[in-house]
Amino acid sequence: MLPDELKVKLREVIAAAESPREKAIDVMFEIQELQGWMSDQAMVEAAELLGMTPLELEELATFYDYIYRSPVGKYVIKVCDSTVCWLEGRRRVVDYIASRLAIPMGGTSADGLFTLLPVCCIGYCDRAPAMVINKRVFGNLTPEKIDRILSQLAKNADFSGSE
Amino acid sequence: MPRLIIDEREIEVPEGTKVIDAAQRLGIVIPRFCYHEALGSVGACRMCAVKFLQGPFKGVQMSCMVDARDGMVVSTTDEEAVQFRQRVIELLMMNHPLDCPVCDEGGQCLLQDETVSGGHARRRFPGPKRTYRDQYLGPYIKHEMNRCIHCYRCSRFYQEFCGYRDLGPLQIGSRMYFGRFSDGPLESPFSGNLVDICPTGVYTDKTARFKLRRWDLQRAPSVCNQCSLGCATVANGHYRGVMRIEARFNRDVNGYFLCDAGRFGFSYANGGQGRRERPLLPRIAGVSASAPSALASAREALENISQKYGPRAIAAAGSNRSSLESQAMLALICKTRDWRGPVFFFDPSERGKTVAAVQELSSDIAVSMREIEKADLVIVAGADPLNEAPMCALAIRQAARKNAPIVTIDSRPLFLPCEFTHFPVAPEKIEHYLAMLVWKAVEKVAENPGKDAEMFCRQLGALSLESAPPEAMAAFSELLLASKRPVIICGTDVTRESTPSFAAGCARLLKCAQKEAGLFFLLPGAGSFGSALLSGTQSQTFGDLVEDIEKGVVRALVVSECDPFHYYPDHARLERAVSKLEQLIAIDYFPSETVERASIFYPASTVFETGSTYINQEGRLRFAQPVHCGGAPISPGEHPPRVYSGLVPGGDHLPAWKALCQIASMPREDGVPAPEKFIPSVLPAFSGLGAGPIYPVDGPRLLSPGPGFTSQWSQRGEEAGEGAPDFELLLVEWMFGTSEFAAWSDSLDAAVCEPHMSINTKDAARAGLSDGDRVSVELDGGAFEIAVSVSERTAEKVLVVPRHQLLDWQKIKGFPVRILAGKIRKI
Ligand code: SF4
Ligand code: SF4
Ligand code: FES
Ligand code: FES
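About the criteria used
Residues numbered from 1 in each chain as written. Chains lettered and ligands numbered in written order. Predicted model: local features only at pLDDT ≥ 70, side-chain atom pairs only at ≥ 80, totals over all residues. Heavy atoms only, no water. Helix = DSSP H or I, 4+ residues; strand = E, 2+ residues; numbered from the N terminus. Contact = heavy atoms within 4.5 Å. Near = heavy atom within 4 Å. Nonpolar A, V, L, I, M, F, W, Y, C, P; charged D, E, K, R; others polar. Core = buried A, V, L, I, M, F, W, Y, C linked by side-chain atoms within 4.5 Å. Buried < 20%, exposed > 50% of the residue type's maximum accessible area, 1.4 Å probe, protein only. Phe/Tyr/Trp six-rings, centres within 6.5 Å; stacked < 30°, edge-to-face > 60°. Lys NZ or Arg CZ within 6 Å of the ring centre and 35° of its normal. Salt bridge = Lys/Arg side-chain N within 4 Å of Asp/Glu carboxyl O. Domains from an automatic or database assignment. Polar contact = N/O pair within 3.5 Å; in protein donor to acceptor, adjacent residues only side chain to side chain. Patch = residues over 30% accessible without salt bridge, like charges linked within 9 Å, V, L, I, M, F, W, Y side chains within 5 Å. Areas by Shrake-Rupley, 256 points an atom, 1.4 Å probe, with all protein chains shown as cover. Lys, Arg positive; Asp, Glu negative; His and termini not counted. Charge placed at Lys NZ, Arg CZ, Asp CG, Glu CD. Pairing = 2+ DSSP bridges. Axes fitted to C-alpha atoms, helices over the stretch in contact; angles between N-to-C directions. Left-handed = near helix turned anticlockwise from the far one by under 90°. pLDDT = per-residue confidence, 0-100. Expected span 1.5 Å × (residues − 1).

## Side note on the environment of Ile 615 of chain B
Residues and elements named next belong to chain B.
So, step 1. Mapping Ile 615 onto the fold places it in strand S25 (residues 612–615).
So, step 2. In sequence terms Ile 615 and Asp 196 are 419 residues apart; their C-alpha atoms lie 26 Å from each other.
So, step 3. Residues in contact with Ile 615, not counting those within four places in the same chain, are Leu 324, Ala 526, Phe 529, Gly 530, Leu 533, Arg 620, Leu 621, Phe 686 and Leu 702.

Right, dumping it as structure tokens:
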């Protein structure tokens, strides 16, 4: 169930739009911000707010890489899966992260902090291999750099529960 | 008109024709997946590549995306294009499970055809195949996503063409998935078309699953006889059973598609289980008999009655599901033998409306469904297209997609799969609302429209002033004024007797106001038009027959393809009447109550076994060829029929009209009379149609230029006063659950929902009812229980109840039914 305050806020967002469905992505982002992912229940409720059918919202949700239809970790690591990164050792980056976190591609670490996913070119080709974690982009990845980034994130998470 | 050259042959095509269609006119079928004439071009599959050698484009292009232009020179066989297509099909086949041997599409699969046409035979890609989880899509459609080639036909058909919103494209890239949000039955009552439209085996017909191979089937052009539209179908037979119905293209009627009721409602013909077992053996006094003896004793019994009481003691009844052959034979028998009838209608109002509609419909204002699609404004008056004639709702949607405003004036809480504005009004107000709408638009009627038009116009004006127009109406009057091709769709179910003529008058008046106005009636059944042609305005109805039986004037009743117990509003009275009869002779293919009670029963053949003619609601001849018939070898192969029976091979039953002919010992010169002879003898309009196969499968329209304005509409009955405290009970059709076909086809069971009674919000509040309550409604002949559905979209002062198979509504005694508020009790 979506919390009532969130629903009130979403209704306002939707009311401000010329046609409700143009706010579909914004609504899903708002919900994800709070709940981390879009559950089936959240999809059905969001669709109702937007005057769409769950299927119509699902068409959008599953089209975009940044809307999650299953639970993800606090940090979603998306390693670039396009040509330049392939050439520059993307495979090694993935293998390294996977073994460090002991998860396969698509998996979430046991502590619930990290999820590993592929993403298509993120425009960091000049700094390949590259990855995005939540909204930050990292290039020129080496094992050391990855270690640094991941430990930092894990530490931050311990402190405050937020970035 | 552009002229172009395709594969060294020249052709001239209308402006806007795609190259892929231009080629088809030359008989060159360019490979395609995503392109479909009804859906248009999207260029999604890249399969239709051809090479443009000269003209405004050069090189390999998609022939479905390019309009034919002057001077184009196109090659479909150019090496570059051929190779392009070969690569495309190789790519599309990369993930295909190659499960043709267990796929129901096999043998009629566009993917198979195009794989061969593209010359792809060997898989080169060594990687794993992508696989999907399939969904449960309900009782009719099986889902096998691994076979998908991502052409988007299904989602475009489902969402854009039909307007339903629970199936569509999901995911992205190679994960593309076509399905629902979650498992569950498809909501669209047009879902069966997915089977036809998907070029692969993703959606297959569950009712036919694993039963057949395309090349084993006997196929014949047939016609759906489940509503008055008469959509074109292909009936697929196998071992003397109907296996599947497919849509057959007919430009004027159904286009490429069918509704699910028509597609899946055939199982009655194969015989069901238990009480639905199709009666295949003749019976005399409840005991099985041979066909000749049943026919002979019927003949004898009738002769006796005729001698004892005179021929008028014999009455004959048909129905709106009888073929024109049976109807005409009944009429001919009554004429020659002086029997009473034939009776085709159950009450005078149904007769009045059907006959009026048929008389009013003239060739100058009648439109086809194709023309509805092109209308720039559609008025639905007293009709529920989705339930009474489902494919008509799709035609209306096509008009709406081109921005035609859609206005509905009806007592029911209508639904259409498109945007529309609904005015919920009681039946007696439908004409008023129509008048208000039309009045403004006909102000500019031509100088001298003639006396009749002027008179109608004056009356229209007076009527439009009788009640205050609702606010939204004015805007639509303006739109109607500005429209060029408005169409009025008028029903004959809940309307008053004068309404069909009134609607025709409105259409004629719009015509006088320089519009290409059209008129489209919905009639009760596939045989309604024919029965109206054969009945005068004063002909007897079944109600009159019941009285005659009670008075002892009628001693024998011959009913052909007709079950009065399904339609007659007073079951108990009919039961008593029937028991008074000396003979009840029934000829039918349904195991109906009438058949149960018949003293002599003869099993008739169905539309699938007999050549049958229907005249659809726009007067168009629809001929259904038999797909399998007794005596004909089963082709191919020599397998015996699936069902073993005591019948002599080749001695299967006669169509109703032939049986009728025998029991009435009709004079015949050379064996069996031919329909092309006896139909014209009772319906002169048929005399011009020639002999032989009397008309093409998709026949002409049988309409005269038109009676002009008639005054039938002015014969308006007395209405109960405004202040009357009671409700009018309206019995209505539902797409699933009210027809005889639904009652006897187990294949439709899964689509039948519980009946409910619709009532207006204000009325419900006054009666203390809320949505979902169950009530008992007390009628003159007893009470029935039903759930309540409350809606603002239902007119006030009416109760809308389906003639549902799960509801014994045949206690209402007679029409119209008025119910005092106190007779509705919550339980
Ligand atoms: S399911 Fe069939 S119609 Fe739909 S995209 Fe796939 S192949 Fe095309
Ligand atoms: S619309 Fe009517 S005629 Fe057409 S398929 Fe459906 S039931 Fe049959
Ligand atoms: S290919 Fe990886 S960032 Fe562009
Ligand atoms: S048919 Fe032309 S691209 Fe699909």
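## Points about the site of ligand 1
So, step 1. In the neighbourhood of ligand 1, 13 residues make up the surrounding shell, with Cys 148, Cys 151, Tyr 152, Cys 154 and Cys 198 of chain B lying closest.
So, step 2. Per-class residue counts for the shell around ligand 1 are ten nonpolar, two polar and one charged.

## Some remarks on the nonpolar core
Side chains of a nonpolar character, in soluble globular proteins, are inclined to be buried together.
All names here are of chain B.
So, step 1. Core analysis: the biggest nonpolar cluster contains 203 residues, and Tyr 203, Cys 392, Ile 396, Ile 409, Ile 489, Phe 520 and Phe 608 have the highest contact counts within it.
So, step 2. Once residues within four sequence positions are removed from consideration, Tyr 203 is found in contact with Glu 105, Leu 137, Ile 141, Lys 142, His 143, Cys 154, Leu 167, Phe 178, Leu 194, Val 195 and Cys 198.
So, step 3. By size, the runner-up hydrophobic cluster in this structure holds 23 residues, among which are Val 546, Ile 549, Leu 557 and Val 578.

## Digging into the packing of aromatic side chains
So, step 1. One pass over the structure, following the stated rule, counts 27 aromatic pairs over all chains.
So, step 2. Aromatic ring contacts, followed pair by pair, group Tyr 268, Tyr 589, Phe 590, Phe 608, Phe 741 and Trp 744 of chain B into a single cluster.
So, step 3. Directly above the aromatic system of Tyr 66 of chain A lies the positively charged group of Lys 78 of chain A, at a separation of 3.3 Å from the ring centroid.

## Some points on the side chain of Ser 560 of chain B
So, step 1. Following the sequence through the fold, Ser 560 of chain B ends up in strand S22 (residues 556–560).
So, step 2. Not counting the four nearest positions on each side in its chain, Ser 560 of chain B is found in contact with Ala 317, Gly 318, Ser 319, Ser 322, Ser 326, Leu 330, Ile 587, Ala 656 and Leu 660 of chain B.

## With respect to the pattern of salt bridges
Residues and elements named next belong to chain B.
So, step 1. Per the stated rule, a full pass over the model turns up 56 salt bridges over all chains.
So, step 2. Arg 496 is the salt-bridge partner of Glu 428, the closest N and O atoms lying 3.3 Å from each other. Here Arg 496 lies in the loop between strand S20 (486–490) and helix H16 (499–512) and Glu 428 lies in the loop between strand S19 (421–424) and helix H13 (430–441), a separation of 68 residues in the sequence.
So, step 3. A residue is classified by how much of its surface remains accessible, and Glu 428, at 24% relative accessible area, is partly exposed.
So, step 4. Residues joined by salt bridges that share partners form a network here, namely Glu 428, Arg 496, Asp 726, Glu 728 and Arg 818.

## Structural notes on the domain arrangement of chain A
So, step 1. The assigned domain composition of chain A is domain 1 (4–61) and domain 2 (75–155).
So, step 2. Just the C-alpha atoms count here: the centres of domain 1 of chain A and domain 2 of chain A sit 29 Å apart.

## Focus: the side chain of Arg 620 of chain B
Residue and element names in this part refer to chain B.
So, step 1. Counting through the fold element by element, Arg 620 comes out in strand S26 (residues 620–624).
So, step 2. Within the structure, the side chain of Arg 620 is placed 3.4 Å from the side chain of Asp 252, a separation counted as a polar contact.
So, step 3. A distance of 2.9 Å separates a polar atom in the side chain of Arg 620 from a polar atom in the side chain of Glu 618.
So, step 4. Discounting chain neighbours no more than four positions away, the residues touching Arg 620 are Asp 252, Val 253, Ser 368, Tyr 614, Ile 615, Gly 699, Pro 700 and Arg 701.

## A closer look at the site of ligand 2
So, step 1. The immediate surroundings of ligand 2 are formed by Cys 224, Gln 226, Cys 227, Leu 229, Gly 230, Cys 231, Leu 258, Cys 259, Gly 262, Pro 390 and Met 391 of chain B.
So, step 2. Counted by class, the shell around ligand 2 contains eight nonpolar, three polar and no charged residues.

## Overview of a positive patch on the surface
Residues and elements named next belong to chain B.
So, step 1. On the surface, a cluster of positive charge is made up of Lys 374, Arg 401, Lys 402, Lys 484 and Arg 485.
So, step 2. Locating Arg 485 in the fold gives a position in the loop between helix H15 (471–482) and S20.
So, step 3. Look at Arg 485 and you get partly exposed, because its relative accessible area is 34%.

## Some words on helix H4 (residues 153–161) of chain B
Residues and elements named next belong to chain B.
So, step 1. Of all nine residues making up H4, eight are buried, and the element is well covered by its neighbours.
So, step 2. All of the buried residues along H4 are Arg 153, Cys 154, Ser 155, Arg 156, Phe 157, Tyr 158, Gln 159 and Phe 161.
So, step 3. Where H4 ends, the next residue or the one after it, Gly 163, has phi of about 80°, a positive value.

## A short note on the sheet that holds strand S2 (residues 9–12) of chain B
Residues and elements named next belong to chain B.
So, step 1. Ordered by their spatial adjacency, five strands build an open sheet running S2-S1-S5-S3-S4, and the pairing between neighbours is mixed. Edge positions in the open sheet fall to S2 and strand S4 (59–62), since each of these has one partner strand only. Here the strands of the sheet are splayed against their neighbours by 35° on average, with no regard to which way each runs.
So, step 2. Docked against the sheet, helix H2 (residues 79–92) engages strand S3 (49–54), S4 and strand S5 (73–75), running at close to 160° with respect to S3.

## Here we look at the packing of helix H2 (residues 24–35) of chain A against helix H3 (residues 40–50) of chain A
Helix-helix packing is characterised by the crossing angle of the two axes and by the distance between the axes.
Residues and elements named next belong to chain A.
So, step 1. At a minimum axis separation of 10 Å, H2 and H3 run at an interaxial angle of 145°. For the pair H2 and H3, the crossing hand works out as right-handed. Between H2 and H3, the residues in contact are Ala 24, Val 27, Met 28, Ile 31 and Gln 35 and Ala 42, Met 43, Ala 46 and Leu 50, respectively.
So, step 2. Residues that form the contact of H2 with H3 fall into these classes: eight nonpolar, one polar and no charged.

## A few points about the confidence of the model for chain B
So, step 1. Averaged over every residue, the pLDDT of chain B is 90; residues scoring 70 or more account for 93%.
So, step 2. The complex model carries a pTM of 0.93, and its ipTM stands at 0.90.

## Let's talk about unusual backbone geometry
So, step 1. That bond from Ala 128 of chain A to Pro 129 of chain A is cis: its omega, -5°, falls within 30 degrees of zero.
So, step 2. In this structure, the amide linkage connecting Phe 815 of chain B to the following residue, Pro 816 of chain B, adopts the cis form with an omega of -15°.
So, step 3. Its place among the elements puts Pro 816 of chain B in the loop between strand S32 (798–802) and strand S33 (817–819).
So, step 4. Residues other than glycine seldom take positive phi values, yet Ala 102 of chain A does so here, at roughly 55°.
So, step 5. Ala 102 of chain A gets classed as exposed once you look at its relative accessible area, which sits at 66%.
So, step 6. In this structure, Tyr 152 of chain B is a non-glycine residue whose phi angle is positive, near 70°.
So, step 7. Topologically, Tyr 152 of chain B is positioned in the loop between strand S6 (141–143) and H4.

## Focus: the sheet that holds strand S11 (residues 232–238) of chain B
Residue and element names in this part refer to chain B.
So, step 1. Across the sheet, which stays open at both edges, the three strands sit in the order S10-S11-S12 with antiparallel pairing between neighbours. Across the chains shown, the open sheet's two edge strands, defined by having one partner strand only, are strand S10 (218–223) and strand S12 (241–247). If you compare each strand with its neighbour and ignore which way they point, the axes differ by 30° on average.
So, step 2. Where S11 meets S12, six bridges bridge the pair, whose relative direction is antiparallel. Opposite Gly 237, over in S12, you have Val 242 as the bridge partner.

## Side note on H2 of chain B
All names here are of chain B.
So, step 1. Relative to the 20 Å expected for 14 residues at 1.5 Å per residue, H2 spans 20 Å between its end C-alpha atoms, a close match to the ideal helical length.
So, step 2. Where H2 is buried, its residues touch S3, S4, S5 and helix H3 (110–118).
So, step 3. Regarding H2, its N-cap is Asp 78, as a side-chain oxygen of that residue lies 2.8 Å from the backbone nitrogen of Glu 80 further along.

## Some points on the interface of chain B and chain A
So, step 1. Between chain B and chain A, the residue contacts involve 13 residues of the former and 15 residues of the latter.
So, step 2. Scanning the region where chain B abuts chain A turns up one salt bridge.
So, step 3. Arg 165 of chain B is the salt-bridge partner of Glu 56 of chain A, the closest N and O atoms lying 2.8 Å from each other.
So, step 4. Summed over the shared surface of chain B and chain A, the number is five residue pairs in polar contact (both at pLDDT 80 or more).
So, step 5. A per-element tally of the side of chain B that touches chain A places strand S7 (residues 168–170) of chain B first, with three residues.
So, step 6. Partitioning the side of chain B that touches chain A into residue classes produces five nonpolar, four polar and four charged.

## Observations regarding the pairing of S22 of chain B
Residue and element names in this part refer to chain B.
So, step 1. Buried residues dominate S22, accounting for five of its five residues.
So, step 2. A two-sided burial pattern is seen for S22, the buried positions comprising Ala 556, Val 558 and Ser 560 on one face and Leu 557 and Val 559 on the other.
So, step 3. Here strand S15 (residues 314–317) runs beside S22; their pairing, made up of four bridges, is parallel. For Ala 316, the partnering residue across the bridge sits in S22 and is Val 558.
So, step 4. Pairing analysis gives five bridges linking S22 to strand S23 (residues 583–588), with the strands arranged parallel. Bridging from a neighbouring strand, Ala 556 pairs with Gln 583 of S23.

## With respect to the environment of Met 131 of chain A
All names here are of chain A.
So, step 1. Mapped onto the secondary structure, Met 131 falls in strand S3 (residues 131–133).
So, step 2. Overall, the relative accessible area of 0% leaves Met 131 in the buried class.
So, step 3. The spatial distance from the C-alpha of Met 131 to the C-alpha of Ile 25 is 23 Å, given a sequence separation of 106 residues.

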